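# Report on the structure
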Amino acid sequence: MDVDNKDARIADYFDFIAGTSTGGLMTAMLTAPNEEKRPLFAAKDIAKFYQDKSPNIFLRTPETKNEPPSTDQEGSKISDPGDQATEESSTTHAEVINTPATVLRGFIDLISDISPETKDYAKRDRSMDAPLADVCRATSAAPYYFPPYHFKTSKPFNLVDGGVAANNPSFLAVCEAMKEKKTDFQKVVILSLGTGARDASGRLEVGNGKWGIVDWLWQDDNSNPLVDILMTAPDEMTEIYMSYVFQYSGLEHNYTRIQVELKPSEAMMDNTSKENLESLQKIGRDLAEQNDAKLEAIASRLVDIRKARLTHMSA
């Protein structure tokens, strides 16, 4: 803990913060500026946001919990999470270029390709300097759950959640950080936080193998095999790449990955029951306690780096 920084924010200690999908919303909350150009939200505010807003995003009832989720007239699952993330806050009109830390939120442009967006991109190309509200809607436009999101700056964008290609964006973040910050790979220190992975036991049991399109989209246990595959495969491959690269480069202390396996019911994106949200918070607290030594070590390291930089700047 940085006792000298009473108004400490995550963005004070990281040069680069990345996220896709729900991680993209968290990235926006950690970096969205207030009127003083300081991060609007503290990390502790995020859990309350999900507790308060998730039920408004996914409306499920006991009568419909075993049915494929319904959609509104535009195909959206009730309410866009990007709307909820920017509701009644300055993030609605804040732009990427004004964020206090360099951020990366990934999304897929349906017309071109994967589009990692950073403040540095926005400085060079003002067409990328979009309102954070639009960025949040784009990075949370998860296929099946929400429709693609369209908006315009000086050029049009047609976007879906970047999690389908970079559900774990840490590898992409390293590449972008090295390019944008012109830093050496050996100087990169990463804290990679997963948002929970579905327990692999019993995953994708095909039974007699007679599957149709509906079976790919919906199972009796409320799982969505196609979305699960699209989201988990890139995540797992990225973890393999990252752990191997850092381990065999002798830099294992520069990479910390924290993830937890969840029961299928806990991992369902639209399970926003009070019981599940409370259970997820407890899982998060327990996970933090289990990794307390790792988190304390990296926090101490980041505080020392920040103090050294401030001393150098004032010299």
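Residue positions are counted from 1 within each chain, in the order its sequence is given. Local features in this predicted model are restricted to residues of pLDDT 70 or higher, and side-chain atom pairs are both shown and tallied only at a pLDDT of 80 or more, whereas totals for entire chains, interfaces and linings draw on every residue. Neither water nor hydrogens contribute to the side-chain values; these are computed over all heavy atoms in the structure.

### Quick notes on the overall build of the protein
Operational definition: A run of H or I in DSSP becomes a helix once it reaches four residues, and a run of E becomes a strand once it reaches two; helices and strands are each numbered from the N terminus. Throughout, exposure labels follow a simple rule: accessible area from a 1.4 Å probe, protein chains only, divided by the maximum for the residue type, with under 20% read as buried, over 50% as exposed, and the rest as partly exposed. With residues, only the protein chains shown are counted as cover, and all accessible areas are computed by Shrake-Rupley using a 1.4 Å probe.
Along the backbone of the protein there are 12 helices and nine strands. Across the 315 residues in the protein, those meeting the buried criterion constitute 42%. If you sum the accessible surface of the protein, you get close to 17100 Å²; carbon and sulfur atoms cover 55% of it.

### A word on the environment of Ile-229
With respect to the helices and strands, the residue Ile-229 is situated in helix α9 (residues 225-247). Measuring from C-alpha to C-alpha, the distance between Ile-229 and Val-164 comes to 9.2 Å, with 65 residues separating the pair along the chain.

### Some words on the pattern of salt bridges
For clarity, the cut-off: Think of a salt bridge as a Lys or Arg side-chain nitrogen and an Asp or Glu carboxyl oxygen that are within 4 Å of each other.
Applying the stated criterion across every chain yields a total of 12 salt bridges. With a closest N to O distance of 3.7 Å, Glu-176 and Lys-179 form a salt bridge. In this pair, Glu-176 and Lys-179 are both assigned in helix α7 (residues 170-181), three residues apart and thus about one turn of the helix distant. Overall, the relative accessible area of 40% leaves Lys-179 in the partly exposed class. Between Lys-282 and Asp-286 there is a salt bridge, and its shortest N-O distance comes to 2.9 Å. Taken together, the residues Lys-282 and Asp-286, both in helix α11 (residues 274-290) and four residues apart, mark about one turn of the helix. By relative accessible area, Asp-286 is classed as partly exposed at 25%. One continuous salt-bridge network, built from bridges that share partners, spans Asp-7, Arg-9, Asp-12 and Arg-38.

### Some words on the nonpolar core
Spelled out, the test is: Put simply, buried Ala, Val, Leu, Ile, Met, Phe, Trp, Tyr and Cys residues joined by side-chain atoms within 4.5 Å make one nonpolar core. Any pair of residues with heavy atoms lying within 4.5 Å of one another is described as a contacting pair.
Core analysis: the biggest nonpolar cluster contains eight residues, these being Val-174, Phe-185, Val-188, Ile-190, Met-242, Phe-246, Leu-251 and Tyr-255. Setting aside residues up to four positions removed in sequence, Ile-190 forms contacts with Val-174, Met-242, Phe-246, Asn-254, Tyr-255, Thr-256 and Ile-298.

### Concerning the packing of aromatic side chains
As a reminder of what qualifies: Each Phe, Tyr or Trp ring (for Trp, its six-membered ring) is paired with any other whose centre lies within 6.5 Å, and the angle between the two planes then decides the class: stacked below 30 degrees, edge-to-face above 60, tilted in between. Here, a charge over a ring means that NZ of Lys or CZ of Arg falls within 6 Å of the ring centre while also lying within 35 degrees of the ring normal.
For the structure on display, the rule yields seven aromatic pairs. Ring centres of Phe-151 and Phe-157 lie 5.1 Å apart, and the angle between their planes is 20°; on these two criteria the pair is classed as stacked. Each member of the pair, Phe-151 together with Phe-157, is buried. Pairing Phe-246 with Tyr-255 gives two aromatic rings, centres 5.3 Å apart and planes at 20°, and the pair type is stacked. Residues Phe-246 and Tyr-255 agree in their burial class; the two are buried. Through successive ring pairs, a cluster of aromatic residues spans Tyr-149, Phe-151 and Phe-157. A cation over a ring is seen here: Arg-306 above Tyr-13, with NZ or CZ 5.3 Å from the ring centre.

### With respect to the environment of Tyr-13
Residue position: Tyr-13 is located in the segment before β1 (16-19). Separated by 294 residues in the primary sequence, Tyr-13 and Lys-307 place their C-alpha atoms 9.7 Å from one another.

### Focus: α7
Convention followed: Residue count minus one, scaled by 1.5 Å, sets the expected span of a helix.
Look at α7: 16 Å from first C-alpha to last across 12 residues, which is about the 16 Å you get at 1.5 Å a residue. Burial in α7 covers these residues: Ser-170, Ala-173, Val-174, Glu-176, Ala-177 and Glu-180.

### Regarding the packing of helix α2 (residues 44-57) against α11
Using the following cut-off: Every axis in this analysis is a line fitted to C-alpha atoms, fitted for helices over the stretch in contact. Angles between the N-to-C directions lie between 0 and 180 degrees. Relative orientations are named as follows: roughly parallel for angles under 35 degrees, roughly antiparallel for angles over 145 degrees, roughly perpendicular for angles from 65 to 115 degrees, and oblique for any other angle. Throughout, a crossing is termed right-handed when the near helix is turned clockwise from the far one, and left-handed when it is turned anticlockwise from it by less than a right angle. All residues other than Ala, Val, Leu, Ile, Met, Phe, Trp, Tyr, Cys, Pro, Asp, Glu, Lys and Arg, Gly among them, are scored as polar; the first ten of these are nonpolar and the last four charged.
Look at α2 against α11: their axes get within 10 Å of each other, and the N-to-C directions meet at 165°. The angle between α2 and α11 places the two elements in the roughly antiparallel class. Between α2 and α11 the crossing geometry is right-handed. For the pair α2 and α11, contact is made by Ala-47, Tyr-50, Gln-51, Ser-54 and Pro-55 and by Leu-277, Glu-278 and Gln-281, respectively. Of the residues assigned to the contact of α2 with α11, the class counts are four nonpolar, three polar and one charged.

### A few points about the environment of Ser-243
Going by this rule: N or O atoms within 3.5 Å of each other form a polar contact, as long as, within protein, one can give a hydrogen and the other can take it, and as long as residues adjacent in sequence are counted only when both atoms are side-chain atoms.
When you line up the elements, Ser-243 lands in helix α9. When the C-alpha atoms of Ser-243 and Thr-256 are compared, they prove to be 8.9 Å apart, with 13 residues separating the residues in sequence. Side-chain polar atoms of Ser-243 contact the backbone oxygen of Glu-239, separated by 2.8 Å.

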